[in-house]
Each structure stands twice: as C-alpha cells, then as structure tokens.
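# Tertiary structure, described
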Amino acid sequence: MHIGPHELPNPLFVAPMAGVTDRPFRQLCRRLGAGYAVSEMVTSRRDLWHTLKTSRRANHEGEPGPIAVQIAGTNAAMMAEAAAYNVDRGAQIIDINMGCPAKKVCNKWAGSALMRDEAGALRIIEAVVAACAPQGVPVTLKMRTGWCSAERNALALARAAESAGVVMVTVHGRTREQGYTGAAEYDTVAAVKAALRIPVVANGDIDTPEKASLVLKHTRADALMIGRAAQGRPWIFREIAHFLATGTHLPPPPTREVQAWLTEHLQDHYGLYGEDLGVRSARKHIGWAVRALPGGVAFRAVMNSLASADAQLRAVTTYFEQLADAHELLPSSHGTAANHERLQRQA
Ligand SMILES: Cc1cc2nc3c(=O)[nH]c(=O)nc-3n(C[C@H](O)[C@H](O)[C@H](O)COP(=O)(O)O)c2cc1C
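A few points on the structure. None of these values were measured; they are calculated from a predicted model.

### What to know about the overall build of the chain
Along its length, the chain carries 13 helices and 12 strands. The C-alpha radius of gyration of the chain comes to 20 Å, within 12% of the 20 Å expected for a compact globule of 347 residues. With the C-alpha coordinates aligned to their principal axes, the bounding extent of the chain is approximately 60 × 50 × 35 Å. Scored against the burial criterion, the 347 residues of the chain give a buried share of 45%. Sequence separation of at least 24 residues holds for 70% of the intrachain contacts in the chain that already meet a minimum separation of 6.

Here it is in structure tokens:
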C-alpha cells in the first residue's frame, strides 16, 4: 500500500479525531499495529496558526513517517496557504477534511459541509494539489457519502478529485446529515472503489476483526480506517491484522501489558500538554481504557476527581495491579477472542 511515494507497513489506518489523535495517541496506535495515522485537523485560518492548540497539533517529534497533516477550511486560497505552511513544517502528506462536521471557519461550515458545493470543493482540491505539487507532497481527501441521503455525491466528487491529482480517497459511510447516528453503509464506498484507480479507504463503524473482514470483502477497499473503536483499545489494529492474515483471533492482551501501554501513553501525554491540561485531557483516554473492565465505571468516577499527574498515575497503577492479580489477560474487551467465542456460542 502506497500513498504517493510513501510505502506503508500495512493498510490499517487510525482515523483523524480532533481532541483524540494527538501525537502520543498516534504513536501508541502505530506501535500497536496501525500502518498509518493522520493528525488532527489544522485550521486554514492563519490567525490561529500560532496558538498553542495549533502548534501542539503540528508537533510531530519522534513520530514515524510519513507525517500526514489534515487541513480544514472553506476558502481555496487559504487552504492552499495552509497546505504550504504545513509542508514547510514537515508535512509529507496533506489530507483535506471533507469528512467531519468541522467547526465554522470564517463563518462557514467546513469539513463535510463542503460536499454540498461540488464546484467549491473542487476549487479547494485543485488549489491544495497545486500548492503541494512543487514539493512532491501528495494530497489525499477524506469525505462522507454525501450531504444527505438525497444528495449522495461521493462518487462524483471522488472521480473529480482523482482527475485533479488527489492520490487517495477515504470514505466514511455516512452522510453529513447523519452525523454519527444510524449505521455506516458500504455500498457507496464499494462504488467509489470500483470507479477509481487510486487507493480507496473504507471508514465507519469498523469495531471488530470480523467487521473489518466483512467491510474489506464488501468494498474491495485498499485500506481500512478505524476511529472510535481504537479509543481505549489501540491494540485493535494488531487484532484485525492477525485475523485478516490467519482467520483466527489473538488472545486478549496481558493485563500488565495494557497497564504499561497506558502508563507510557499518559507520561507522553503530560509531556505534550503539561500537567494541568494533561491531567484533564488524559481522563477521557483512561475512561475509555477501563470502561469495559470490572470496576471500571467506579474507578473512572474516582479518577475524574484527581488533579495531579502523580495521583492520576498512582490510581491507574493501583487499579491495573489489582486487575492483573485477578486476570492475567485483560478480562473483557470488545472484539477479542473472548467476545468472539461468546458471539459464536450465541449463534
Ligand atoms: C471525537 C472525534 C473527532 C473527529 N475529528 C475528525 C477530524 O478532525 N477530521 C476528520 O476528518 N474526521 C474526524 N472525525 C471522524 C473520524 O475520522 C471517522 O471518520 C468517524 O469517527 C467514523 O469512523 P469510526 O466509526 O471508526 O469512528 C472525528 C470523529 C470523532 C469521534
């Protein structure tokens, strides 16, 4: 699997998720089997580039390449400028966000809202491709199936994007109108894949190895992108890779290994955000990690009241040590062998 000149180790991608897929989380996912990770989106508004938030998002220290930066905006010239700015700062791939209901930029909705105006969307794509071409930086596009069920134009836009020089398209199998409700559909992704020569990535509701296999077969996509299912379970990438390669399930990870991954992730997280913000923003990651585990809900409530990195780390250590004493392997996590066996028993 290639994106332009960049060869990827495998076709399992972490989805860009604002507020989640920061550098520490991307690195963790890559270590645990993801072949590629796109950064959280960066606004095309020049006046915000020097904010701490944007500069943290542009932090790629020690990250394995290729470095992919997603940009969001509504104006072609500003998007081109944002692409060039990020390329100057080390981006090796630029991804255009037409996939998420992004916040208002310049009093207009960006992200998937752009799909409603195909001509405008194409102007942005052409401007970004033109800005990146001199540096040899490939441009990719992330989109939904359309604006609403009556306006499902992913195929037309994907074709136009390919003609304009985009080298890979990701399709989240929902319309903008759906938000995150309902179920992702994969027929549109399959239609886009059948029509394009460039790689197509399927995204939406892939949360188990079985689902990954099903989506691959149905869409014939070149790669899969996984977002929410990796929250608190970043090892899902290697679980899926193993299942696709062998048709069998990996056992759940050892509890002590999960503890070590989480502890390292937290330390990295505090390093990027500093203690105050770091402790607060780490709560969601800890919450996701324990939500399906015994006593996880009660632990989460206590952990949310702790205000120092030391106290947070100590609480996590105590919780996981007790868990490891009772369970050598992680006792409950969706999509693992245990879950699969349960599903098979029910069938
Ligand atoms: C918290 C959150 C933040 C997101 N931020 C972005 C973003 O910055 N850019 C983007 O293209 N998509 C974003 N998305 C959409 C995801 O990349 C993905 O398309 C969507 O979650 C569907 O995949 P999933 O079912 O595997 O989660 C976000 C999703 C979530 C849940």
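Back to the write-up after that little detour.
### Remarks on the nonpolar core
By size, the foremost hydrophobic cluster in this structure holds 75 residues, and its most contacted members are Phe13, Ile94, Val128 and Leu224. When sequence neighbours within four positions are dropped, the list of residues in contact with valine 128 reads Met79, Ala80, Ala83, Ile94, Ile96 and Val139. Membership of the second largest hydrophobic core comes to 17 residues, among which are Leu262, Ala282, Ile286 and Tyr319.

### A few points about the site of the ligand
In the vicinity of the ligand, 22 residues are found, and the nearest of them are Ala15, Met17, Cys100, Gly227 and Arg228. Taken together, the residues that form the shell around the ligand break down as 10 nonpolar, eight polar and four charged.

### Focus on the pairing of strand E9 (residues 139-146)
E9 sits mainly inside the fold: eight of its eight residues count as buried. Where strand E6 (residues 93-98) meets E9, five bridges bridge the pair, whose relative direction is parallel. When the sheet's bridge partners are listed, isoleucine 96 is paired in E9 with leucine 141. Direction of pairing for E9 relative to strand E10 (residues 168-175): parallel, over a ladder of six bridges. Residue pairing across strands places lysine 142 opposite threonine 170, the latter belonging to E10.

### Things to note about the packing of helix H7 (residues 209-219) against helix H8 (residues 236-246)
Contact pair H7 / H8: the axes reach a minimum separation of 9 Å and the direction vectors enclose 60 degrees. Between H7 and H8, the crossing angle belongs to the class labelled oblique. The crossing of H7 and H8 is right-handed. For the pair formed by H7 and H8, the contact residues are Pro209, Ala212 and Ser213 on the first element and Glu239, Ile240, Phe243 and Leu244 on the second. Among the residues making up the contact of H7 with H8, the classes are represented as five nonpolar, one polar and one charged.

### Focus: H7
Considered for burial, the residues of H7 that qualify are Pro209, Ala212, Val215 and Thr219. Viewed end-on, H7 has its buried residues packed into an arc of 125 degrees, placing them on one side of the element. Of the surrounding elements, those touching the buried residues of H7 are helix H6 (187-195), strand E11 (200-203), strand E12 (223-226) and H8. Immediately downstream of H7, the backbone of arginine 220 shows phi near 60 degrees, a positive value.

### Focus: the sheet that holds E10
The sheet built from eight strands closes into a barrel, its strands ordered E3-E4-E5-E6-E9-E10-E11-E12 with parallel pairing. Averaged over neighbouring strand pairs, the angle between their axes works out to 30 degrees when direction is ignored. Here strand E5 (residues 68-72) pairs with E6 via four bridges, running parallel. Each residue of the ladder has a partner; that of valine 69, found in E6, is isoleucine 94. Sitting on the sheet, H6 is in contact with E9, E10 and E11, with an inclination near 155 degrees to E10.

### A short note on the pairing of E10
Counting buried positions over the eight residues of E10 gives eight, a clear majority of the element. After leaving E9, the chain enters helix H5 (residues 154-163) and then returns to the sheet as E10, a path that is right-handed. When E10 meets E11, the two strands line up parallel, connected through four bridges. Counterpart to histidine 172 in the pairing with E11 is asparagine 203. For the segment spanning E10, H6 and E11, crossover handedness is right-handed.

Rules behind the numbers
Residues numbered from 1 in each chain as written. Predicted model: local features only at pLDDT ≥ 70, side-chain atom pairs only at ≥ 80, totals over all residues. Helix = DSSP H or I, 4+ residues; strand = E, 2+ residues; numbered from the N terminus. Rg over C-alpha atoms; globule rule 2.2 N^0.38 Å. Buried ≥ 20, exposed ≤ 12 C-beta atoms within 10 Å, placed from the backbone. Contact = placed C-beta atoms within 7 Å. Core = buried A, V, L, I, M, F, W, Y, C linked by C-beta atoms within 7 Å. Near = placed C-beta within 6 Å. Nonpolar A, V, L, I, M, F, W, Y, C, P; charged D, E, K, R; others polar. Pairing = 2+ DSSP bridges. Axes fitted to C-alpha atoms, helices over the stretch in contact; angles between N-to-C directions. Parallel < 35°, antiparallel > 145°, perpendicular 65-115°, else oblique. Left-handed = near helix turned anticlockwise from the far one by under 90°. Arc of directions from axis to C-beta. Right-handed = clockwise from strand over helix to strand, strands pointing away.

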